[in-house]
Amino acid sequence: MSDRVVLHVKGRVLVGPEEVRDELWVVDGRISYERPRAEAVTVQGWALPGLVDAHCHVGLDRHGAVDEATSEKQALTDRDAGTLLIRDAGSPADTRWIDDREDLPKIIRAGRHIARTRRYIRNFAHEIEPDDLVAYVAREARRGDGWVKLVGDWIDRDAGDLTACWPRGAVEAAIAEAHRLGARVTAHCFAEESLQDLVEAGIDCVEHATGLTEDTIPLFAERGVAIVPTLVNIATFPDLAAGGESRFPRWSAHMRRLYEGRYDTVGAAYDAGIPVFVGTDAGGSLPHGLVAAEVAELVKAGVPPLQALSATTWGARRWLGRPALEEGAPADLVVYDEDPRADVRLLAAPHRVVLDGRVIG
């Protein structure tokens, strides 16, 4: 990482979906559109706001919490792929030390997952019963950065399939408590069953959302409930289904149906006006640094390329309450050799990454 210097970013600065400028400067780590008197180091190309991964897990692997060295490696992998803002959608690890590192992405935390007893991945979540849900939501609302993460559905071994984890009254009270404390609530949901109750209870976002139907898509759109499809993670469903075939054939068949309909589901959600954002679900079983692949998956599902870019840049930052390339904003941006609007796959090859006004690498 270089020392912070005055930078002159020249070429095409993609300030917003419809606003393009020829240049910007970085002075004292902040964006400026006024030419400074000081000499500047020039960086040329197509500039975007630092990419957003709105469903990522730093400090977590398939077995649970990891040490700081592993967490650092995860964060560096995301940073080098251009991801400079992460919504950490649940982690048992304390990663607050990352906030003191100017060379690592900024993280918006949702605290630790809250799941029903024995109804989620071991070592990931607080595993509780409905009577304790409000108290745990309040705890994680205070611990996080304005978000709380519920596990809305998971396999019920007695039923042999995905079922909802929480009674309607419990989620209504829990979401109301989170909102009272100034936090938004999101939920992991693969299946169809839990969605209507969660949306009508006031949830703000649903992760994965593979179970959206003709009945619930209009409800999401009417309430403005966002989805983060994590299509690079949904691609693992066939392998999961194969692994569970002998014990849980209904669940396996269900997972395959959700996988087969994934692109149609996301396309229908986007067409209905549901806000769609980019998230990779890295940090459980998936590697970090997959944000470009997820953008390409959204395009494959029918999201127009410019809107898929917005789902990881301008729109995602606005949704999370963070600035993009506005005057005076922290200089977190990614520069490409070619125009990523022409081919979103170019996001996988950043030419320069600028974090807090410093050129990385």
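Every chain is numbered on its own, with residues counted from 1 as its sequence reads. Where totals are concerned, whole chains, interfaces and linings use all residues; where local detail is concerned, this predicted model gives features only for residues with pLDDT of at least 70, and gives and counts side-chain atom pairs only at 80 or more. To obtain the side-chain values, all non-hydrogen atoms of the structure were included, while hydrogens and water were left out.

Describing the packing of aromatic side chains
At step 1: Here the aromatic set is Phe, Tyr and Trp, taking the six-membered ring for Trp, and pairing holds for ring centres within 6.5 Å; pairs whose planes are under 30 degrees apart are stacked, those over 60 apart are edge-to-face, and all others are tilted. Following the criterion strictly, the structure yields six aromatic pairs and no others.
At step 2: Put simply, the rings of Tyr120, Phe124, Trp154, Phe190 and Phe237 pair up and form one aromatic cluster.
At step 3: Between the NZ or CZ atom of Arg87 and the centre of the ring of Trp147, over which it lies, the distance is 4.6 Å.
At step 4: Lying across the ring of Tyr259, Arg262 places its NZ or CZ 3.9 Å from the centre. Both a distance and an angle decide whether a charge sits over a ring: NZ of Lys or CZ of Arg must be within 6 Å of the ring centre and within 35 degrees of the ring normal.

Section: the pattern of salt bridges
At step 1: Salt bridges are defined as contacts in which a side-chain nitrogen from Lys or Arg sits within 4 Å of a carboxyl oxygen from Asp or Glu. One pass over the full model with this rule turns up 24 salt bridges.
At step 2: The closest approach of N and O atoms between Arg109 and Asp145, which form a salt bridge, is 3.3 Å. With Arg109 in strand 9 (residues 106-109) and Asp145 in the loop between helix 2 (133-143) and strand 12 (147-151), this residue pair connects regions lying 36 residues apart in the sequence.
At step 3: In this scheme, a residue with accessible area under 20% of its type's maximum is buried, one over 50% is exposed, and one in between is partly exposed, where area comes from a 1.4 Å probe on protein chains only. Relative accessible area serves as the criterion here: at 28%, Asp145 is assigned to the partly exposed category.
At step 4: Connected via shared salt-bridge partners are Arg96, Asp99, Arg109 and Asp145. Helix and strand assignments come from DSSP, with helices taken as H or I runs of at least 4 residues and strands as E runs of at least 2, each series counted from the N terminus.

Comments concerning helix 5 (residues 216-223)
At step 1: Where helix 5 is concerned, the buried positions are Thr216, Ile217, Leu219 and Phe220. Down the axis of helix 5, the smallest arc covering the buried residues is 160 degrees, so these residues share one side.
At step 2: By definition in these notes, contact holds between two residues if any of their heavy atoms fall within 4.5 Å. Here the buried face of helix 5 lies against helix 4 (195-200), strand 16 (205-208), strand 17 (226-228) and helix 9 (262-271).
At step 3: Two residues or fewer after helix 5 comes Gly224, characterised by a positive phi angle close to 70 degrees. Directions pointing from the helix axis toward each C-beta atom define the arc.

Overview of the sheet that holds strand 20 (residues 358-360)
At step 1: Taken in spatial order, the seven strands of this open sheet run 3-2-1-4-18-19-20, and their pairing is mixed. Edge positions in the open sheet fall to strand 3 (30-32) and strand 20, since each of these has one partner strand only. Between one strand and the next, the sheet's axes are offset by a mean angle of 40 degrees, whatever the strand orientation.
At step 2: Here four bridges tie strand 4 (residues 41-49) to strand 18 (residues 333-336), and the two strands are oriented antiparallel to one another. Looking across to strand 18, one finds that Ala47 is bridged to Val335. Here the rule is simple: two strands pair whenever DSSP picks up at least two bridges between them. Fitted lines through C-alpha atoms give the axes, limited to the stretch in contact for helices. The angle between two N-to-C directions lies from 0 to 180 degrees.

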